[in-house]
Amino acid sequence: MLTKSTDTTLRKARHLMVERGELPPPELVGTTVLQSWSRCLNAGLVPIGGPEDAPCLEGFEFARAVDRQRLLIAHARPVMEYLYSQTRDSASMVILADDCGVLLEILGDADFLSRAERVSLRQGASWLEQHRGTSGIGTALAVEGPVVVHGYEHFLERHGFLSCAAAPIASPNGRFQGVLNISGDYRARHPHTFGFVRAAAQMIENRLFNALHGDALRLRFHPLAEGIGTIAEGKVALSEDGWIVGANQAALALLGLNPSDLGATPVAHVLQVYLKDLVHWGLQRGREPMPVMRHTGECLFVRVELGRKTFQSFVPREPEAKDDALSALDTGDAQMKTAIHKARRLVGKSIALLLRGESGVGKELFANAFHNAGLRQGKPFVAVNCATLPESLVETELFGYVPGTFTGARKEGSPGRIRSADGGTLFLDEIGDMPLAQQARLLRVLQEREVVPVGGIKPMPVDFDLVCATHRDLKAEMEAGRFREDLYYRINGFNLKLPALRERSDFDVLAARILQEMAPDRNVMLEDSIAAAFAAYAWPGNLRQLVNVLRTATALLDEGENIIGWQHLPDDLAEELLTDRHTAALPDTAENLKELSEAAVARVIAASRGNMSEAARRLGISRNTLYRRVK
Ligand SMILES: Nc1ncnc2c1ncn2[C@@H]1O[C@H](COP(=O)(O)OP(=O)(O)OP(=O)(O)O)[C@@H](O)[C@H]1O
């Protein structure tokens, strides 16, 4: 608290106190100083003369005091060094004292330090009011707030050459842990010192808070959204089950709590909000402040900061056998497993996901599963194929338009696909095919999180998770100048490559699962020779091609029939399969070729339903040769 006295009134006030032993009237000296003088007189201190016999810790006792405040010292030291660098050569010193007023650390100019030494401003000395009268450190501890004590406001006459600015440092548990103080020659008093000290004390408090609660879920709040991040913001740390375990002074005041309430108050007792809602908000909205009502009816704006512990305890950890939408895509292939595992870790983190992979590998299905595995499940999943949109329509389709923008447009305008994804997930398939002009516009949307519809001027806020997909090499597209570099980095928060079907090791399980989904009551299976041919086939159209083939074959099954044979396959595919031309990765050793050719012969015989003449014809060899081969 700043004092109000001038030199003249202060001289009068001191005269009354020193000469007559009376407390001066409040108009002569500030209340803080007056009350401090009163405490000093009550403690039996005499303002003039008197021996310098106040306590000073030394040796083991001082070492113990330092040890008790190791954390405070470690976090205060860098801040003190910064303060000192700002006040160097100004006949002053920066002091850290503990909660008992014992000076722990001192940085200062050599000349001033020796003057200060003479009045016991040295390590180990206690500067509690009852020991050394009114002073920055002692009075800040007594009033539990920041103070300036200037010149002869100090109770003891011999401290009159000092000007002190001090601010208490609260611990992350809401109690006072120490004091930061700058003392200098009173003639060199600088008006900014007080603000400096208060800000520095808060820096130390923040460092302590983060050191103790950095892993926990933290809330930063203020009655005004703009107040978050300022010196006046409240800050609390929550335990994994939602109890308030740490708070700064502002938080205690804003929530009407005492330090003893910490560890004994669930957040839901002071704020009308559930823990899970705070976590969901943090996951979905990041730094955006959440309006939350106090039980007393006032509104606070709360920024949720999710620490490491939050992710471990609130967000389901990556269970291997998790039953979510992504797990449905796991049919045993190691590459897919890895992709699913990685994607699951990204769920709910608002990181733009870029899916790479050949056409038809299931990128859209994967994106949809990613959406459904997260907290945006139930919100829109909007897929846009950038390759199939006519260039002239890309803009209006994506960004929407305002009424009356062009002839033939809908009277009421259109929100566009991006705004339709608000709250959910936007999936931009074949992003590599988006025209350059629209890339620039999309980039703005992603940066600003706002859409300006075609023909409009008013930006509309949007909130969505972004998943993009491409079968193109976007880096090559960038180098060729067809894809914007800045957009590439925006959409590529994390990229995942989905394997081509021919690279997958789980063909049989995958095919069986697709058949099961297509005809849940029929137990449809592939004839063995077909299963073998399918497993070896290159599947240029990937899952899309496989799904189509299986759907057609299932449709061609007679009633009561449940085995898909060669007759259920389209001719062109059967031929491809039989000629082996498109089989995947042919092994190159003679032995493997022999095995392969035997397998092919066996397949053709099976496809010919054991009819050797037909098999020989299909293979282009005589019946006798065929018989020799199969002997
Ligand atoms: N695991 C799966 N199970 C069943 N069907 C699947 C699976 N994966 C993909 N499909 C089907 O394959 C087809 C192609 O999938 P999708 O459209 O997701 O692939 P894509 O890679 O996005 O294709 P493109 O890049 O050419 O648009 C879809 O009909 C989809 O339903």
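Keep in mind that what you see is a predicted model, and the values were worked out from it rather than measured.

About the cut-offs
Residues numbered from 1 in each chain as written. Predicted model: local features only at pLDDT ≥ 70, side-chain atom pairs only at ≥ 80, totals over all residues. Heavy atoms only, no water. Helix = DSSP H or I, 4+ residues; strand = E, 2+ residues; numbered from the N terminus. Rg over C-alpha atoms; globule rule 2.2 N^0.38 Å. Buried < 20%, exposed > 50% of the residue type's maximum accessible area, 1.4 Å probe, protein only. Contact = heavy atoms within 4.5 Å. Areas by Shrake-Rupley, 256 points an atom, 1.4 Å probe, with all protein chains shown as cover. Lys, Arg positive; Asp, Glu negative; His and termini not counted. Charge placed at Lys NZ, Arg CZ, Asp CG, Glu CD. Near = heavy atom within 4 Å. Polar contact = N/O pair within 3.5 Å; in protein donor to acceptor, adjacent residues only side chain to side chain. Nonpolar A, V, L, I, M, F, W, Y, C, P; charged D, E, K, R; others polar. pLDDT = per-residue confidence, 0-100. Axes fitted to C-alpha atoms, helices over the stretch in contact; angles between N-to-C directions. Parallel < 35°, antiparallel > 145°, perpendicular 65-115°, else oblique. Expected span 1.5 Å × (residues − 1).

Undergrad: Any details on the overall build of the protein chain? Residues and values, ideally.
TA: Helix and strand counts for the protein chain come out as 26 helices and 19 strands. In summary, the protein chain has a C-alpha radius of gyration of 38 Å against a globular reference of 25 Å for 631 residues, an excess of more than 25%. Expressed along its principal axes, the backbone C-alpha trace of the protein chain runs to roughly 135 × 65 × 50 Å. The buried share of the protein chain, taken over its 631 residues, is 48%. Expressed as a percentage of contacts within the protein chain between residues at least 6 apart in sequence, the contacts between residues at least 24 apart total 63%. Just so you have it, the protein chain exposes about 30,500 Å², and 51% of that area is on carbon and sulfur atoms. Charged side chains of the protein chain number 72 positive and 78 negative; the gap between the two group centres comes to 1 Å.

Undergrad: Could you give me a rundown of the site of the ligand, with the residues and numbers involved?
TA: By nearness alone, 16 residues border the ligand, and Ser359, Lys363, Glu364, Leu365 and Asp429 come closest of all. With respect to the ligand, the side chain of glutamate 430 contributes an N or O atom lying 3.3 Å from an oxygen atom. Elements supplying a minimum of two residues to the shell around the ligand: helix H14 (363-372), helix H20 (507-518) and helix H22 (542-556). Its residues assigned to classes, the shell around the ligand comprises 7 nonpolar, 3 polar and 6 charged.

Undergrad: Can you tell me about the confidence of the model for the protein chain, naming the residues and giving the values?
TA: Per-residue confidence for the protein chain gives a mean pLDDT of 85; residues scoring 70 or more make up 90%. Across residues 581-593 the pLDDT falls below 50, and counting only partners more than four positions away or on other chains, this stretch makes 17 contacts in the model.

Undergrad: Run through the packing of helix H15 (residues 391-399) against helix H17 (residues 436-448), naming residues and quoting values.
TA: One way to put it is that H15 packs onto H17 with a least axis distance of 11 Å and a crossing angle of 10°. In terms of their interaxial angle, H15 and H17 are classed as roughly parallel. Here H15 contributes Val394, Glu395 and Phe399 to the contact with H17, which in turn contributes Gln438, Arg441, Leu442 and Val445.

Undergrad: Lay out H17 with the relevant residues and their values.
TA: Over its 13 residues, H17 extends 19 Å from the first C-alpha to the last, a length consistent with the 18 Å expected when each residue adds 1.5 Å. Structurally, H17 contributes buried residues whose contacts are with H15, helix H16 (416-420), strand S13 (425-429), strand S14 (450-451), strand S16 (465-470) and helix H19 (485-491). One or two steps after H17, the chain reaches arginine 449, where phi turns positive at roughly 60°.

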